[in-house]
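This is what each chain is made of:
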Amino acid sequence: MEKTEGEIIRAKLEADQSQSQISHLALDIGGSLIKLVYFSKNNGCSDDDDGNNKHLVLQGRLHFAKFETCKINDCIEFIRSKKLHLGGVRLHDAPASDKILVKATGGGAYKFADLVKEKLGIIVEKEDEMDCLVAGANFLLKAVHQEAFTYMDGQKEFVHVDINDLYPYLLVNIGSGVSMIKVDGDGKFERISGTSVGGGTFWGLGRLLTKCKSFDELLELSHQGNNRVIDMLVGDIYGGVDYSKIGLLSTAIASSFGKAISDNKELEDYKTEDVARSLLRLISNNIGQIAYLNALQFGLKRIFFAGFFIRGHAYTMDTISVGVHFWSKGEAKAMFLRHEGFLGSLGAFMSYDKHSLDDLSTHQLVQRFPVSGTNAGEKICCPLVGDLDDNDSIECGVYAA
Ligand SMILES: Nc1ncnc2c1ncn2[C@@H]1O[C@H](COP(=O)(O)OP(=O)(O)O)[C@@H](O)[C@H]1O
Ligand SMILES: CC(C)(COP(=O)(O)O)[C@@H](O)C(=O)NCCC(=O)O
C-alpha cells in the first residue's frame, strides 16, 4: 500500500533523528538577534559516578549560536543543515505534520511561528520571555563555573556565586530594549522597570551617525574614539576646574554630545570613532544609572547585566561599572555574565522540563570539567575582553537528582 505524505515525512524525521545526537533545540528570537541553544550528546556515555554521589546519566555539550533576526532565513538554513529541528519534543499522538515541538521565546516566537512551521515543519512552543531570562540567569549562576565577573579599570575578576545566598538580585537585560527584573528565587521575580534606550538605540543611532555596516564595526570604532571631543565635560563649562561642591570632577560628562551644539560643526566634521564612543558612553551610562536607581529603590546590592548589547566589550562594562560604583558610593556591584546574550534561549531550553523528557525532566544539568587555571577572585588584566565566539559550547553532564 502506498504511504501517505504524512507517513513519508514522519518516517524521514524518525530516520534523521535516529542518526542525530542533537537534542533540545531552543530559540530566543529577539528584536535584533536570534539566539540558539542545543545539546549534543557524546557517544557512549551512560550510568557513571562522577565522584559526588551523583549519577552521571548523560554527557554532552551545550552549544550556542546567534543570527541577526533580519537574516532569519540563514538561521533556518543553519537549523536545517545541522538537523537541529529534530531535537524538539516528539508528540506521538499528533498528526504527522505537527509531530515536533521546539521551544522558543522572545517576540519572534510569535512573529515567526508560521514561517518556522512552513520552512522546518515544526511547531513553535512559546515560552514567556521574562520567565526564560530569569530561568537562564539562575541556571548560569548556579550551574556554570566562572560565569559571573566584575570588570573595572581593565580588570576582570571572577565572582564566586554562593548559591545559598544568590537572591535577591537585579537582572538588567540589555537587548534591543532594556528590562530590569528583581529576582527572588527560581521562577520568583518581578519586572520592575525598563527603558527603550538600549542596544537597539546604540546600533540604530550609531548606524545612522557613522554609516557603519555592522554592529562589530561600530563597536570597534567606539574602541578607538575619544568621547571628550563631542561630550561637554564639567571642565568645559567650569573653565577647566572641578565643581567640587557637588562632587563633580572636571573630567565628568556634563552633557553627552553637548559640544556638538557649540562647535558650529557638522556631523562630517567629527571622526566617526569619536561619535561612536560618545554614543556608547551615553547609552551605557544611562542604563547604569537607571539600574542603580532601581537597585536602590528595592534595596538590591547585586546587579547582573546581560544581553548582547554588552558583547564582552571592555569600555561598555567599564562605563556601567564605574557608573554603578559612583552613584551607589561603592554599595552596589555591577556584574556581568559570560553567556550574556543567551539567557532567554537557555531559559527556553530549561523549560523542556515541563514535557517530561527522559534526559532533563528528573535530572539536573550542570557544567562538567570547569575551566581550570582561574578561580573566583583571581584578577585577569585584559583591555579588550571580547565575547564568546559563535562556536562556543559548554561541556555538560546530566545527573540524576
Ligand atoms: N551582530 C550583532 N548584530 C546586531 N546587534 C548586535 C550584534 N551583536 C550585538 N548586538 C547588540 O545586541 C543587541 C541585541 O541584544 P539581544 O540580547 O540579542 O536582544 P534582542 O533579544 O532584542 O535581540 C542589539 O540591539 C545590539 O545593540
Ligand atoms: C519589549 C522587550 C521586553 C523585548 O525584549 P528584547 O527583544 O528587546 O530583548 C524589551 O525591548 C523592553 O523591555 N523594552 C523596554 C520597554 C520599556 O520598559 O519601556
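Residues numbered from 1 in each chain as written. Chains lettered and ligands numbered in written order. Predicted model: local features only at pLDDT ≥ 70, side-chain atom pairs only at ≥ 80, totals over all residues. Heavy atoms only, no water.

Engineer: For the overall build of the protein chain, give the residues involved together with the corresponding values.
Structural biologist: In terms of regular secondary structure, the protein chain is built from 12 helices and 19 strands. Counting all 401 residues of the protein chain, 50% fall into the buried class. Of all intrachain contacts in the protein chain linking residues separated by at least 6 positions in sequence, the fraction that spans at least 24 positions is 69%. By element, 49% of the accessible surface of the protein chain is carried by carbon and sulfur atoms, the whole surface being about 19000 Å². (Helix = DSSP H or I, 4+ residues; strand = E, 2+ residues; numbered from the N terminus. Buried < 20%, exposed > 50% of the residue type's maximum accessible area, 1.4 Å probe, protein only. Contact = heavy atoms within 4.5 Å. Areas by Shrake-Rupley, 256 points an atom, 1.4 Å probe, with all protein chains shown as cover.)

Engineer: Tell me about a nonpolar patch on the surface, residues and numbers included.
Structural biologist: On the surface, Ile237, Tyr238 and Val241 cluster together into a nonpolar patch covering about 280 Å² of accessible area. Topologically, tyrosine 238 is positioned in the loop between helix H8 (234-237) and strand S14 (253-255). (Patch = residues over 30% accessible without salt bridge, like charges linked within 9 Å, V, L, I, M, F, W, Y side chains within 5 Å. Salt bridge = Lys/Arg side-chain N within 4 Å of Asp/Glu carboxyl O.)

Engineer: Explain unusual backbone geometry to me, using residue names and the numbers behind them.
Structural biologist: The omega torsion across tyrosine 167 and proline 168 is -5°, close enough to zero to call that bond cis. You can see proline 168 is positioned in the loop between strand S9 (155-158) and strand S10 (169-174). One non-glycine residue, lysine 83, lies in the positive phi region at around 55°. The residue lysine 83 is located in the loop between helix H2 (72-81) and strand S5 (89-90) in this model.

Engineer: Can you lay out the side chain of threonine 150 for me, pointing to particular residues and giving the numbers?
Structural biologist: Within the secondary structure layout, threonine 150 lies in strand S8 (residues 148-152). With a relative accessible area of 15%, threonine 150 lands in the buried category. With residues near it in sequence (within four places) discarded, threonine 150 still touches Gln155, Lys156, Glu157, Val159, Lys333, Ala334 and Met335.

Engineer: So what's going on with the environment of isoleucine 174? Residues and values would help.
Structural biologist: In this structure, isoleucine 174 sits in strand S10. Sequence-wise, isoleucine 174 and phenylalanine 342 are 168 residues apart; in three dimensions their C-alpha atoms are separated by 12 Å. Those residues in contact with isoleucine 174 that sit more than four places away from it in its chain are Gly198, Gly199, Ile287, Phe305, Ala306, Gly307, Phe308, Phe309, Ile310 and Ile320.

Engineer: Which residues make up the site of ligand 1, and what values go with them?
Structural biologist: In the region of ligand 1, 16 residues are neighbours, and Leu33, Lys35, Ser176, Gly199 and Arg311 sit closest. In this structure, leucine 33 approaches ligand 1 through a main-chain N or O atom, which is 2.8 Å from an oxygen atom. Residue glycine 200 places a main-chain N or O atom 3.1 Å away from an oxygen atom belonging to ligand 1. Notes on ligand 1: free accessible area 570 Å², of which the protein chains cover 92%. In terms of residue count, helix H6 (residues 199-210) provides more of the shell around ligand 1 than any other element does, three residues in total. By residue class, the composition of the shell around ligand 1 is five nonpolar, eight polar and three charged. (Near = heavy atom within 4 Å. Polar contact = N/O pair within 3.5 Å; in protein donor to acceptor, adjacent residues only side chain to side chain. Nonpolar A, V, L, I, M, F, W, Y, C, P; charged D, E, K, R; others polar.)

Engineer: Please set out the nonpolar core residue by residue, giving values where relevant.
Structural biologist: In this structure, Leu36, Leu62 and Leu171 are the most contacted members of the largest nonpolar core, which totals 65 residues. If you look at the next biggest cluster of nonpolar residues, it comprises 36 residues, including Leu221, Leu300, Ile303 and Phe336. (Core = buried A, V, L, I, M, F, W, Y, C linked by side-chain atoms within 4.5 Å.)

Engineer: Before we move on, could you go through H2 and cite the residues and values that matter?
Structural biologist: Every buried residue of H2 is listed here: Ile72, Cys75, Ile76 and Ile79. All buried residues of H2 project into a common sector of 100° when viewed along the axis, lining one side. (Arc of directions from axis to C-beta.)

Engineer: An account of the side chain of serine 284 is requested, with residue identities and associated values reported.
Structural biologist: The residue serine 284 is located in helix H10 (residues 272-298) in this model. On the basis of relative accessibility, which here comes to 0%, the residue serine 284 falls in the buried class. Within the structure, the side chain of serine 284 is placed 2.7 Å from the backbone oxygen of leucine 280, a separation counted as a polar contact. With sequence-adjacent residues up to four places away left out, serine 284 is seen in contact with Phe309, Thr316, Thr319 and Ile320.

Engineer: Describe the packing of aromatic side chains, naming the residues involved and giving the relevant values.
Structural biologist: In the structure shown here, the tally under the stated rule is 13 aromatic pairs. Ring plane angle 80° and centroid distance 5.3 Å describe the contact between phenylalanine 308 and phenylalanine 342, whose orientation is recorded as edge-to-face. Of this pair, phenylalanine 308 sits in the loop between strand S15 (302-306) and helix H11 (314-327) while phenylalanine 342 sits in the loop between strand S16 (333-337) and helix H12 (343-350), and the two are 34 residues apart along the sequence. Classification of phenylalanine 308 by relative accessible area gives buried; the value is 11%. Ring geometry for phenylalanine 326 and tryptophan 327: centres 6.1 Å apart, planes at 75°, overall edge-to-face. Judged by relative accessible area, tryptophan 327 falls into the partly exposed class, the value being 23%. Ring pairs connect the aromatic residues Phe149, Phe158, Phe305 and Phe336, which therefore count as one cluster. Above the face of the phenylalanine 308 ring, lysine 66 is positioned so that its terminal group lies 5.1 Å from the ring centre. Its guanidinium or amino end placed over the ring of phenylalanine 149, lysine 156 lies 4.5 Å from that ring's centre, counting from NZ or CZ. (Phe/Tyr/Trp six-rings, centres within 6.5 Å; stacked < 30°, edge-to-face > 60°. Lys NZ or Arg CZ within 6 Å of the ring centre and 35° of its normal.)

Engineer: Describe the state of the cysteines, with residues and values.
Structural biologist: In total, this model carries zero disulfides according to the counting rule given. Looking at cysteine 132, it has no disulfide partner, and the nearest cysteine sulfur is the one in cysteine 75, 16 Å off. The exposure class assigned to cysteine 132 is buried, which follows from its relative accessible area of 2%. Residue cysteine 212 stays outside any disulfide, its sulfur separated by 16 Å from that of cysteine 70, the closest cysteine. (Disulfide = S-S within 2.5 Å.)

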